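Fold and geometry: a report
If you want the building blocks of each chain, they are given just below.
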Amino acid sequence: MRALAVVFNAVPVRWQRRFMTAAHDRFLVGVVGLGVDEQGRVLLARHRFGAPQWRFLGGFLSRRERVQEALAREIAEETGLAVEIGPVLEVVTGYRWQRVELVFAYRVTGGTMALTDEVAELRGFDPADLPEVRADQRGLIERHAAAAAAWAAGRAVTS
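Bear in mind the structure is a predicted one, so any value in this text is a computation, not a measurement.

This part takes up the pairing of strand β2 (residues 42–47). For β2, the buried fraction is high: five of the six residues fall into the buried class. Strand direction decides the pairing type here: strand β1 (residues 28–36) and β2, joined by two bridges, are antiparallel. Note on β2: the bridge partner recorded for valine 36 is valine 42. Once β1 ends, the chain turns through five residues before running back antiparallel as β2, passing glycine 40 with a positive phi of about 80 degrees. Bridging between β2 and strand β6 (residues 119–125) involves six bridges; their strand directions are antiparallel. The residue of β6 that forms the bridge with arginine 46 is glutamate 121.

Given below as structure tokens:
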């Protein structure tokens, strides 16, 4: 193994990167947000594409985009809302297709809500009284809604 490291390190960095890229599987990187409003309700959207259940807002990163900026961009594109991105609540991997998804807390800070070609409906729900939500996201809500609400409440007081 040490001999391999010596050979690898002797190769120019651009070739090291090409080798590493070719040798590893590719994953999409997604960002979604568990948003909570001032009343502690979880913000969920009914999207025009995909499954009919309510789900988080979010999407995929563009090349060279920071993960927090990607989530804020996606939410703005889908709803017209400006948000503050909070802490990472969980990182999950896809089981049907190769993806890594970062789940952030967020809170709305401005903008004007407007439904778009992507989102048909956006509403806040009490975490104890959720509508039909994707099963994986229901678990995320159960595990992290209280932490997201506590973060959002703390940000609202200090900002």
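Here the narrative resumes.
Before going further, it helps to spend a moment on the pattern of salt bridges. In this structure the tally under the stated criterion is 12 salt bridges. Across the salt bridge formed by aspartate 37 and arginine 41, the nearest N and O atoms sit 2.6 Å from each other. Relative accessible area serves as the criterion here: at 14%, aspartate 37 is assigned to the buried category. Residue classification places arginine 41 among the partly exposed positions, given a relative accessible area of 34%. It is possible to trace a salt-bridge network through shared partners that takes in Glu65, Arg73, Glu74 and Glu77.

Within this structure, the stated rule accounts for two aromatic pairs. Consider the rings of phenylalanine 8 and phenylalanine 19, whose centres lie 6.3 Å apart with planes at 65 degrees: the pair is edge-to-face. With a gap of 11 residues between them, phenylalanine 8 in helix α1 (residues 2–10) and phenylalanine 19 in helix α2 (residues 13–23) connect regions that are remote in the sequence. The class for phenylalanine 8 is partly exposed, based on a relative accessible area of 28%. Aromatic pair tryptophan 54 and phenylalanine 125: ring centres 4.9 Å apart, planes at 70 degrees, arrangement edge-to-face.

Attention now moves to helix α3 (residues 67–79). Here α3 is 13 residues long and its end C-alpha atoms lie 18 Å apart, about the 18 Å a rise of 1.5 Å per residue gives. Those residues of α3 that sit buried are Ala70, Leu71, Glu74, Ile75, Glu78 and Thr79. For α3, the angular spread of the buried residues around the axis is 130 degrees, confining them to a single face. Next to the buried residues of α3 lie β1, β2, β3 (57–60), β4 (81–93), β5 (99–111) and β6. Within two residues after α3, glycine 80 carries a phi angle of roughly 85 degrees, on the positive side.

Looking now at the side chain of threonine 79. Relative to the helices and strands, threonine 79 is located in helix α3. Overall, threonine 79 belongs to the buried group, its relative accessible area being 2%. Side-chain polar atoms of threonine 79 contact the backbone nitrogen of leucine 81, separated by 3.1 Å. Discounting residues that sit within four places of it in the chain, threonine 79 has contacts with Leu57, Thr112, Met113, Ala114, Thr116 and Leu122.

Okay, the side chain of histidine 47 next. Counting through the fold element by element, histidine 47 comes out in strand β2. Setting aside chain neighbours within four positions, we find histidine 47 in contact with Arg55, Phe56, Leu57, Glu78, Glu118, Val119 and Ala120.

Even without being glycine, arginine 64 reaches a positive phi, approximately 65 degrees. When you line up the elements, arginine 64 lands in the loop between β3 and α3.

Further remarks concern the nonpolar core. It is characteristic of soluble globular proteins that their nonpolar side chains tend to be buried jointly. Ranked by internal contacts, the top residues of the largest apolar core, which has 20 residues, are Leu34, Leu44, Phe56 and Ile141. Of all the secondary structure elements, the ones that give two or more residues to this core are β1, β2, β4, β5 and α4 (135–158). When residues in this core are grouped by element, the largest group, six residues, is from α4. Sequence-distant contacts of phenylalanine 56, that is, excluding residues within four places in its chain, are made with Val32, Gly33, Leu34, Leu44, His47, Val103, Gln137, Leu140 and Ile141. With 15 residues, the next largest nonpolar core counts Val31, Leu43, Ile85 and Phe104 among its residues.

Calculation notes
Residues numbered from 1 in each chain as written. Predicted model: local features only at pLDDT ≥ 70, side-chain atom pairs only at ≥ 80, totals over all residues. Heavy atoms only, no water. Buried < 20%, exposed > 50% of the residue type's maximum accessible area, 1.4 Å probe, protein only. Helix = DSSP H or I, 4+ residues; strand = E, 2+ residues; numbered from the N terminus. Pairing = 2+ DSSP bridges. Salt bridge = Lys/Arg side-chain N within 4 Å of Asp/Glu carboxyl O. Phe/Tyr/Trp six-rings, centres within 6.5 Å; stacked < 30°, edge-to-face > 60°. Expected span 1.5 Å × (residues − 1). Arc of directions from axis to C-beta. Contact = heavy atoms within 4.5 Å. Polar contact = N/O pair within 3.5 Å; in protein donor to acceptor, adjacent residues only side chain to side chain. Core = buried A, V, L, I, M, F, W, Y, C linked by side-chain atoms within 4.5 Å.

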